[in-house]
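# What the coordinates show
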Amino acid sequence: MYDKLFKRVETKYVLNKKEQEEFMRRIQSYVQEDKYFKSTIGNLYFDNNNNDLIINSLEKPIFREKVRLRTYGVPNEVFLEIKNKYDGVVRKRRIKLSLDDYYRFLETPSNKIDNQILKEIKYYIDYYKLYPKIYIGYDRVSYQGISDNTLRITFDSNLRSRRNNLKLECGSEGEKYFSDDYYIMEIKTKDALPIWLVNILSDLKIYPQSFSKYGSIYKKEGEI
């Protein structure tokens, strides 16, 4: 078990296949494959019977928060986290657990939990009466800057979801969100974007878009 706290600026873009290929051609001399270059990411997003967390997020307040369980590939270990966004800056409080420890955590009263991050997450789950509400998966390729390894650029494709079999060990199948080949690109940095990246984005007329995976799927399902 380990825990981790970090913050960064995350900017999202939605690209079609042609845009993604041209963007990659332009940035190839500035980036390299990162340690986790290719992965299949599975997430369980928590919410309550009233869908309070996602409804609040879609209203785009200056502060919003979510709880999710994430795995990379086969879920022998999972990452449980609270992710919040305040004024454009993302902060995560994350802890890595075995799958068995995660299930034990769900059944443990908060006053019996020693780890501070787990205690905070448990309090949040209990207070808002949260439980796993939706599975969201996608395939990711990841790059990092050559001269600045704090710069990360990821491309998520084959976005899919399901409302049943809400356990990560049930696999990554789900209903596809996009009918064509689209990529959700995220640029993640501690500071401002490097000038070379700003110039490429501007030249290709690639602009930031607000795209929440959970929020977009929720709206598509027609629940609001």
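Scope of this entry: the structure provided in the associated data block. Values in this document were obtained by computation on a predicted structure and should not be read as measured data.

Attention now goes to a nonpolar patch on the surface. Taken together, the side chains of Ile62, Phe63 and Tyr86 make up a nonpolar region of the molecular surface, amounting to roughly 310 Å² of accessible area. Position of Ile62 among the secondary structure elements: in the loop between helix H2 (52-58) and strand E3 (63-72). By relative accessible area, Ile62 is classed as exposed at 53%.

Moving on, we come to the pairing of strand E6 (residues 131-145). Here 13 bridges tie strand E2 (residues 31-47) to E6, and the two strands are oriented antiparallel to one another. Paired with Thr40 across the two strands is Asp139, which belongs to E6. Two strands pair when backbone bridges link them, and E6 and strand E7 (residues 152-162) are joined in this way by 9 bridges, in the antiparallel orientation. Looking across to E7, one finds that Tyr135 is bridged to Arg162. Between E6 and the antiparallel strand that follows it, E7, lie 6 residues.

By volume, the second largest pocket is sized at about 450 Å³. As for the second largest pocket, its lining consists of 22 residues, and the residues nearest its centre are Lys12, Arg64, Lys66, Lys85 and Ser212. Broken down by element, the residue count for the lining of the second largest pocket peaks at 4 residues, all from H2. Along the lines of polarity and charge, the residues of the lining of the second largest pocket split into 8 nonpolar, 6 polar and 8 charged.

What follows covers the packing of aromatic side chains. Inspection of every chain in the model, using the stated rule, returns 15 aromatic pairs. Between Tyr177 and Phe211, the ring centres sit 5.8 Å apart and the planes meet at 80°, which makes this aromatic pair edge-to-face. Taken together, the residues span a long stretch of sequence, with Tyr177 in the loop between strand E8 (175-176) and strand E9 (182-189) and Phe211 in the loop between helix H5 (195-203) and helix H6 (213-220) at a distance of 34 residues. By relative accessible area, which is 10% here, Phe211 ends up buried. One residue, Lys213, lies across the ring of Tyr138, its end atom 4.6 Å from the ring centre. Taking NZ or CZ as reference, Lys220 lies 4.8 Å from the ring centre of Tyr177, over its face.

Most of E3 is tucked away: 7 of the 10 residues are buried. With 5 bridges joining them, E2 and E3 adopt antiparallel strand pairing. What sits directly across from Ile41, in E3, is Tyr72. Both E3 and strand E4 (residues 77-86) contribute to a ladder of 8 bridges, which runs antiparallel. For Arg70, the partnering residue across the bridge sits in E4 and is Phe79. Taking the residues between adjacent antiparallel strands as the criterion, E3 and E4 are bridged by 4 residues, where Gly73 takes a positive phi near 80°.

Right, let's talk about the nonpolar core for a bit. Formed by 22 residues in total, the largest nonpolar core has its most connected members in Leu69, Leu80, Tyr102 and Ile121. If you list the elements that add at least two residues to this core, you get E2, E3, E4, strand E5 (89-98), helix H3 (99-107) and helix H4 (116-128). Ranked by the residues each element gives to this core, the list is headed by H4, at 5 residues. Ignoring sequence-local partners within four residues, the contact set of Leu69 consists of Gly42, Asn43, Leu44, Phe46, Val78, Phe79, Leu80, Tyr102 and Leu168. Core analysis: the second largest hydrophobic core is formed by 19 residues, Tyr143, Ile153, Phe155 and Trp196 among them.

Right, let's talk about the environment of Lys60 for a bit. Note on placement: Lys60 falls in the loop between H2 and E3. When the C-alpha positions of Lys60 and Phe23 are compared, they lie 29 Å apart, and in sequence the two are 37 residues distant. Polar side-chain contacts of Lys60 include one of 2.7 Å to the side chain of Ser210.

Two elements in contact, helix H1 (residues 17-27) and H5, have axes whose closest approach is 11 Å; the angle formed by their N-to-C orientations is 150°. In terms of orientation, H1 and H5 fall into the roughly antiparallel class. Judged by the sense of rotation from one axis to the other, the crossing of H1 with H5 is right-handed. Seen from H1, the contacting residues are Phe23, Arg26 and Ile27; seen from H5, they are Trp196, Leu197, Ile200, Leu201 and Asp203. For the contact of H1 with H5, the class distribution of residues is 6 nonpolar, no polar and 2 charged.

Calculation rules
Each chain has its residues counted from 1, running along the sequence as written. Only residues with pLDDT of at least 70 are given local features in this predicted model, and only at 80 or more are side-chain atom pairs given and counted; all residues enter the totals for whole chains, interfaces and linings. Only hydrogens and water are set aside when side-chain values are computed; all heavy atoms of the structure are taken into account. Within the patch definition used here, like charges are joined within 9 Å and nonpolar side chains (Val, Leu, Ile, Met, Phe, Trp, Tyr) within 5 Å, considering only residues with over 30% relative accessible area and no salt bridge. Computed with the Shrake-Rupley method and a 1.4 Å probe, the accessible areas treat only the protein chains shown as cover for residues. The salt bridge definition used is simple: a Lys or Arg side-chain nitrogen within 4 Å of an Asp or Glu carboxyl oxygen. Helix and strand labels come from DSSP, where a helix needs a run of H or I of at least four residues and a strand needs a run of E of at least two; each type is numbered from the N terminus. Here's how the labels work: a residue is buried when its accessible area is under 20% of the maximum for its type, exposed when over 50%, partly exposed in between, all with a 1.4 Å probe on protein chains only. Note: two strands are recorded as paired if DSSP finds a minimum of 2 bridges between them. A pocket, in this scheme, is an open set of points on a 1 Å grid over the protein atoms alone with protein on both sides within 12 Å along at least 5 of 7 lines, while a cavity is a set where a 1.4 Å probe fits but cannot get out; residues line either one if an atom lies within 4 Å of a point. Grid points are joined across faces, edges and corners, and a volume is the space filled by probe spheres set on the points. Note that Gly is not counted as nonpolar here; it falls among the polar residues with everything else outside the nonpolar set of Ala, Val, Leu, Ile, Met, Phe, Trp, Tyr, Cys and Pro and the charged set of Asp, Glu, Lys and Arg. Two rings from Phe, Tyr or Trp (for Trp, the six-membered ring) form a pair when their centres sit within 6.5 Å of each other. Planes less than 30 degrees apart are called stacked, planes more than 60 degrees apart edge-to-face, and all others tilted. Over a ring means this: the NZ of a Lys or the CZ of an Arg is within 6 Å of the ring centre and within 35 degrees of the ring normal. Nine residue types can take part in a nonpolar core, namely buried Ala, Val, Leu, Ile, Met, Phe, Trp, Tyr and Cys, and a core is a set of them joined through side-chain atoms within 4.5 Å. Note on definitions: a residue-residue contact is assigned when non-hydrogen atoms from the two residues lie within 4.5 Å. Distance and chemistry together define a polar contact, namely a pair of N or O atoms within 3.5 Å, with one atom able to donate a hydrogen and the other to accept it when in protein, and with adjacent residues in sequence counting only for side-chain atoms on both sides. The angle between two axes is taken between their N-to-C directions and runs from 0 to 180 degrees, where each axis is a line fitted to C-alpha atoms and a helix contributes only its stretch in contact. Orientation categories follow fixed angle ranges, with anything under 35 degrees roughly parallel, anything over 145 roughly antiparallel, 65 to 115 roughly perpendicular, and all other angles oblique. Whether a crossing is left-handed or right-handed is set by the direction in which the near helix is turned from the far one by less than a right angle, anticlockwise for left-handed and clockwise for right-handed.

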